[in-house]
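# A structural walkthrough
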Amino acid sequence: MADDNATDAAPRLLVVGPSWVGDMVMAQSLFMTLKARYPEAYLGVLAPGWSLPILARMPEVDETIALDVKHGEFGWATRRGVARTLKGRFDRAIVLPRSWKSALVPFLARIPERVGFHGEQRYGVLNARRQLDKSVLNQTVKRFVSLGLPEDEAQAGDFAIPTPRLEVNVDEQHRLRGTLGLSDRPAIGMMPGAEFGPSKQWPLAHFRTLAERLVAEGFEVRVLGGPKDADAGETISQGLDGVHNLCGRTKLTEVVDLLADCQQVVTNDSGLMHVAAAVDTRVQAIYGSSSPAYTPPLTENAEIHDLYLSCSPCFARDCPLGHTNCLRHLEPARLLASIRHAALS
């Protein structure tokens, strides 16, 4: 990216956003970087329709453009139609995903500068390609932010990472407590889901045991997630007073406000972990097959729970050894002690 000058003083920037909740939250670090570097810039984000409510909680974003293409679908007609609406409107596009098709809309829209990492033979569709040095850019958020910096500065790897901060609606918090039948007791959020796969999911029996103990100590427990997590939420909450299964019952923006209303959360390495971090709720983050070195919660207000077994992180969707000891052997008592300690701090 060019240095600041007269023609770059107020650029019109388009960011092609990622396709996962956690990655979209981390992308706010890039948006904050761009607005700090170019305060008068106009920033648009091209992203899946489901993510637009999250983007609405990011004050750096001036415009959102929905690209409703199913995961794995090429969607040529949709991409071409969106590209038509963008022609002549942006000076520079920053493409965060590394797939060829993710760079197609800026190319078809004839955006003059199209920045992104090498990947999938993206010659032509990108005209400002960068090499990805994974030893320097060793975290997802670093890779995102680097694309908003001049190349020489990005390659050094020594740059600030702004902390994502989603806006919270306090009035909505009060409304949700009433409509969902929640109490005013200190609330602990539980997020049992992980879109990536079973090797990132703490056992439901552990979640339930922890929920039982937390309720006995005077906490309210809110199990949060999407419709796919509803059965997991039922396993955790069934028959337990003070444990609310909210999975699939709330919109994504409502989850933002509910997480901000929690004193702490217990979560797998998931998208909602990053949402909780971005509203500054205390995060008790559980890692198994993945690594906190690569996708940490972007907050100082977090405790990492990882057994650091010799077989982890394996980054596999299912445990290659068939036992998932990295998660099974992480006992609820450890999480309970950490929650107690944080509650007293």
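Source: prediction; values computed, not measured. Per chain, residues are indexed from 1 in the order of the written sequence. Note on the predicted model: pLDDT of at least 70 is required for a residue's local features to be given, and 80 or more for side-chain atom pairs to be given and counted; whole-chain, interface and lining totals, by contrast, use all residues. Derived side-chain values reflect all non-hydrogen atoms in the structure, with water molecules and hydrogen atoms excluded from consideration.

## Here's the deal with the sheet that holds strand S12 (residues 302-305)
Going by this rule: By the convention used here, strands pair only if DSSP detects at least 2 bridges between them. Elements are defined by DSSP. Helices are runs of H or I of four residues or more, strands are runs of E of two residues or more, and each kind is numbered from the N terminus. Inter-axis angles, ranging from 0 to 180 degrees, are taken between N-to-C directions of lines fitted to C-alpha atoms, where helices are fitted over the stretch in contact.
Strands sit in the order S9-S8-S7-S10-S11-S12 across an open sheet of six strands; the sheet is parallel. Edge positions in the sheet fall to strand S9 (243-245) and S12, since each of these pairs with one other strand and no more. The average undirected angle you get between the axes of adjacent strands in this sheet is 15°. Pairing of strand S7 (residues 187-191) with strand S10 (residues 264-268) involves four bridges; the strand directions are parallel. In the sheet register, isoleucine 188 faces S10, and the bridge partner there is glutamine 264.

## Let's talk about the packing of aromatic side chains
Keep this limit in mind: Ring geometry is summarised as follows: Phe, Tyr and Trp rings, the Trp one being its six-membered ring, pair when their centres sit within 6.5 Å, and such pairs are stacked at plane angles under 30 degrees, edge-to-face over 60 and tilted between the two. Relative accessibility under 20% of the residue-type maximum defines a buried residue, over 50% an exposed one, and the middle range a partly exposed one, all with a 1.4 Å probe and only protein chains included. Look at NZ for Lys and CZ for Arg. If either is within 6 Å of the ring centre and within 35 degrees of the ring normal, a charge sits over the ring.
Enumeration according to the criterion identifies four aromatic pairs in this entry. Pairing phenylalanine 74 with tryptophan 76 gives two aromatic rings, centres 6.4 Å apart and planes at 15°, and the pair type is stacked. Ring plane angle 20° and centroid distance 6.3 Å describe the contact between phenylalanine 74 and tryptophan 100, whose orientation is recorded as stacked. A residue pair is termed long-range when its members are at least 10 positions apart, and phenylalanine 74 in the loop between strand S3 (63-66) and helix H3 (76-86) and tryptophan 100 in the loop between strand S4 (92-95) and helix H4 (104-108) qualify at 26 residues. Using a relative accessible area of 31% as the deciding quantity, one classes tryptophan 100 as partly exposed. Between arginine 12 and the ring centre of tyrosine 42, over which it is positioned, the NZ or CZ distance is 4.3 Å. It is arginine 79 that lies over the ring of phenylalanine 74; its NZ or CZ is 6.0 Å from the centre.

## Comments concerning the confidence of the model for the protein
Our working definition: Scored from 0 to 100, pLDDT records how confident the predictor is in each individual residue. Two residues qualify as a contact provided that any one of their heavy atoms is within 4.5 Å of a heavy atom in the partner residue.
When pLDDT is averaged along the protein, the result is 94, and 96% of the positions lie at 70 or above. Low confidence marks residues 1-7, where pLDDT is under 50. Its contacts with residues over four positions away, or in another chain, come to 18 contacts.

## A few points about the pattern of salt bridges
Pairs can form between side chains of opposite charge once their charged atoms are near each other. Put simply, the rule reads: Salt bridges are counted wherever a side-chain nitrogen of Lys or Arg sits within 4 Å of a carboxyl oxygen of Asp or Glu.
Throughout the structure, instances matching the rule amount to 15 salt bridges. Residue glutamate 153 is joined to arginine 37 by a salt bridge in which the shortest nitrogen-to-oxygen separation is 3.2 Å. Separated by 116 residues along the polypeptide, glutamate 153 in helix H6 (residues 151-156) and arginine 37 in helix H1 (residues 21-37) bring together distant segments of the chain. Of the charged contacts, one joins arginine 175 and glutamate 254 as a salt bridge, the two residues approaching to 2.9 Å between their closest N and O atoms.

## Here we look at the sheet that holds S4
Pairing within the open sheet is parallel, and its six strands lie in the order S3-S2-S1-S4-S5-S6. The sheet terminates laterally at S3 and strand S6 (128-130), the two strands that pair on one side only. Between one strand axis and the next, the sheet turns by 20° as a mean value, whatever way the strands run. Direction of pairing for strand S2 (residues 42-47) relative to S3: parallel, over a ladder of four bridges. Bridge pairing in S3 links leucine 46 to isoleucine 65. Seen against the sheet, H1 touches strand S1 (12-16), S2 and S4 and runs at an angle of roughly 160° to S2.

## A word on the pairing of strand S5 (residues 113-117)
Judged by how many residues are buried, S5 sits mostly within the fold: four of five residues are covered. Direction of pairing for S4 relative to S5: parallel, over a ladder of three bridges. Counterpart to arginine 92 in the pairing with S5 is glutamate 113. The pairing of S5 with S6 spans three bridges and is parallel. Along S6, the bridge assignment pairs phenylalanine 117 with arginine 130.

## Topic: a positive patch on the surface
Note the threshold: Each patch is built from residues that are more than 30% exposed by relative accessible area and take part in no salt bridge. Like charges join if they lie within 9 Å; nonpolar side chains (Val, Leu, Ile, Met, Phe, Trp, Tyr) join within 5 Å. For the area figures, the Shrake-Rupley method with a 1.4 Å probe applies, and any residue is considered shielded solely by the protein chains shown. Positive charges come from Lys and Arg, negative ones from Asp and Glu, while His and the chain ends are left out of the count. The atoms used to mark charge sites are NZ of Lys, CZ of Arg, CG of Asp and CD of Glu.
A cluster of like positive charges, contributed by Arg80, Arg84, Lys87 and Arg110, occupies part of the molecular surface. Looking at where arginine 110 falls in the secondary structure, it is placed in the loop between H4 and S5.

## Digging into the nonpolar core
Most often, soluble globular proteins keep nonpolar side chains buried together rather than apart. Formally: The term nonpolar core refers to a set of buried residues drawn from Ala, Val, Leu, Ile, Met, Phe, Trp, Tyr and Cys, joined through side-chain atoms within 4.5 Å.
Ranked by size, the top nonpolar core spans 57 residues in total, and within it Phe31 and Leu259 carry the most contacts. With seven residues, H1 is the single largest residue contributor to this core. For leucine 259, the residues in contact, after removing those within four places along its chain, are Met191, Leu224, Val265, Leu272, Val275, Ala276, Val279 and Thr281. Within the second largest apolar cluster, 22 residues are counted, among which are Leu210, Val223, Leu240 and Cys247.

## Details of the environment of leucine 30
By the element assignment, leucine 30 lies in helix H1. The class of leucine 30 is buried, set by a relative accessible area of 0%. Between the C-alpha atoms of leucine 30 and leucine 147, which are 117 residues apart in sequence, the distance is 7.9 Å. Those residues within four positions of leucine 30 in sequence are excluded, and the remaining contacts are Val15, Ile94, Leu96, Phe144, Val145 and Gly148.

## With respect to the pairing of S10
Burial analysis of S10 places five of its five residues in the buried class, which makes it a mostly covered element. In S10, alternate side chains face the same way, and those of Gln264, Val266 and Asn268 on one face and Val265 and Thr267 on the other are all buried. As defined by bridge partners, S10 adjoins strand S11 (residues 282-286) across five bridges and the pair is classed as parallel. Paired with valine 266 across the bridge in S11 is glutamine 284.

## Focus: the state of the cysteines
Operational definition: Note that a disulfide, as used here, is simply two cysteine sulfur atoms within 2.5 Å.
The full count for this structure, using the stated rule, is zero disulfides. Cysteine 311 carries a free sulfur, and the closest cysteine sulfur to it, the one in cysteine 326, is 6.1 Å from it. On the accessibility criterion, cysteine 311 (32% relative accessible area) is partly exposed.

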